[in-house]
Protein chains: 2
Amino acid sequence: MHANHPLTEDLGFLLSRASGVLARSASEALAPLGLRVRSYSVLDLVDEDGDGVTQRRLAATMGLDPSQIVALVDDLEKRDLVTRAPDPTDRRNKLIAITEAGHQVCRQARERVAAASDGHFEGVSPQDLDHLRYMLRRIAFPESDLDDREAVALGGHGN
Amino acid sequence: MHANHPLTEDLGFLLSRASGVLARSASEALAPLGLRVRSYSVLDLVDEDGDGVTQRRLAATMGLDPSQIVALVDDLEKRDLVTRAPDPTDRRNKLIAITEAGHQVCRQARERVAAASDGHFEGVSPQDLDHLRYMLRRIAFPESDLDDREAVALGGHGN
DNA sequence: ATCAACAATTGACATCATCAACTGTAGTTG
DNA sequence: CAACTACAGTTGATGATGTCAATTGTTGAT
């Protein structure tokens, strides 16, 4: 008899709650590597993108203010997990690229996070997880629901 | 062509991102009422629970440290949206109950939040939303997957 | 009467979010 | 070229949040 509260049916609340659960889990898994959830996100986004990524882009993808990226990259750079170099094409941009050490750490981090996350998805089927991913992507990245299909239709750019 | 980053397929990341999107939306919707997402959550949980709720319970439901509830209730109490009274049965507990004014504000808040949220779910069917709710509940409240089924088993009152 | 367990509270401290201001670079216009 | 605008990154201030240890008051049991 604790259900029935409108709040516990509210998607925003459930998202926040579920997100918190996963974040804690990931946080614990990453601690031994000296990473936090945020720095791991940066590392992961930079990984497998040999050309380097601008900080602006990182900020946009992570949904953060660009100013917050600075400290994250500072830390990763200080530990030689990423490099930060001005873009030759446009010296305003700084291209963040991963180092070999960073790549290794990133791999370990992925494994740890995945292992830690698995426990939370036990009751859910793989198809349901895919479905969940799909829906969350639509909510998290609304304007780019063009990812997998007709990327054309919208003349403008929504919002 | 920006997809394919493992991170953007990671459920933890997607949850955090989607949660952030909804939270901002709700935050803007609630600002005119002088509420934040957190205080709205408290208000909503207290509403429709005439008997009053202990702060411990609020903390557990919201996934917060009990110490954080104090300030939230302080604020709501100061504005006469809730009352805080010692439980006659066990004077350690304080029962938080809603006031008439609180009930009214809560209703407005719900409408505003719902209106603001709707925009984020446009592309998703009602059944998918139900499904989403269901899965999120499983992730957010793992031990209580009894919600929809044998909610009886525990003689007590959950938790 | 003493003790352990618990709810609420306080305070300290680190993290994070939000914004405004500043620097350096690029592109445009006169 | 000079002046202007626009942008990426950076810094700093300020408030909100998360986390934890310690305290107070209350309960229940010994």
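You'll find the structure just up there.
A short tour of the structure in this document, coming up. (Residues numbered from 1 in each chain as written. Chains lettered and ligands numbered in written order. Predicted model: local features only at pLDDT ≥ 70, side-chain atom pairs only at ≥ 80, totals over all residues. Heavy atoms only, no water.)

### Examining the protein's contact with DNA strand C
Neighbouring residues of DNA strand C: 20 residues in total, closest Arg 36, Arg 38 and Gln 68 of chain A together with Gln 55 and Arg 56 of chain B. In this structure, Arg 92 of chain A approaches DNA strand C through a side-chain N or O atom, which is 3.4 Å from a sugar or linking oxygen. Elements supplying a minimum of two residues to the surface near DNA strand C: helix 4 (66-78) of chain A together with helix 3 (55-62) and helix 4 (66-78) of chain B. Here the element with the most residues in the surface near DNA strand C is helix 4 of chain B; it accounts for three residues. Of the residues that constitute the surface near DNA strand C, the class distribution is three nonpolar, six polar and eleven charged. (Near = heavy atom within 4 Å. Polar contact = N/O pair within 3.5 Å; in protein donor to acceptor, adjacent residues only side chain to side chain. Helix = DSSP H or I, 4+ residues; strand = E, 2+ residues; numbered from the N terminus. Nonpolar A, V, L, I, M, F, W, Y, C, P; charged D, E, K, R; others polar.)

### Looking at the protein's contact with DNA strand D
Around DNA strand D, the structure places 19 residues, and the nearest of them are Gln 55 and Arg 56 of chain A together with Arg 36, Arg 38 and Gln 68 of chain B. A breakdown of the atoms of DNA strand D within 4 Å of the protein gives sugar and phosphate a share of 73%. Between DNA strand D and Arg 36 of chain B, the relevant distance is 2.8 Å, taken from a phosphate oxygen to a side-chain nitrogen or oxygen of the residue. Between DNA strand D and Gln 68 of chain B, the relevant distance is 2.6 Å, taken from a phosphate oxygen to a side-chain nitrogen or oxygen of the residue.

### What about the relation of the copies chain B and chain A?
Least-squares fitting of chain B to chain A yields an RMSD of 0.1 Å, with the superposition described by an axial translation of 0.0 Å and a rotation of 180°. Between the two chains, the operation in question is that of a two-fold axis. Same-surface contact between copies: 100% of interface residues of chain B are shared with the interface of chain A. (Least-squares fit on C-alpha atoms with pLDDT ≥ 70 in both. Contact = heavy atoms within 4.5 Å.)

### Re the interface of chain B and chain A
At the junction of the two partners, chain B supplies 52 residues and chain A supplies 52 residues. For the pairing of chain B and chain A, the buried interface totals around 4900 Å² over both sides, and the portion due to carbon and sulfur atoms is 68%. When the buried surface of chain B facing chain A is broken down by residue, Leu 11, Arg 17 and Ile 139 of chain B rank first, second and third, together holding 13% of it. Of the charged contacts in the structure, one is a salt bridge between Glu 9 of chain A and Arg 137 of chain B, with a shortest N-O distance of 3.7 Å. For the pair chain B and chain A, the number of links is eleven residue pairs in polar contact (both at pLDDT 80 or more). When residues of the side of chain B that touches chain A are traced back to their parent elements, those giving at least two are helix 1 (11-30), helix 2 (37-46), helix 3, helix 5 (100-118) and helix 6 (126-140) of chain B. Of all the elements, helix 1 of chain B adds the most residues to the side of chain B that touches chain A, at twelve residues. (Buried area = accessible area lost by both parts, 1.4 Å probe. Salt bridge = Lys/Arg side-chain N within 4 Å of Asp/Glu carboxyl O.)

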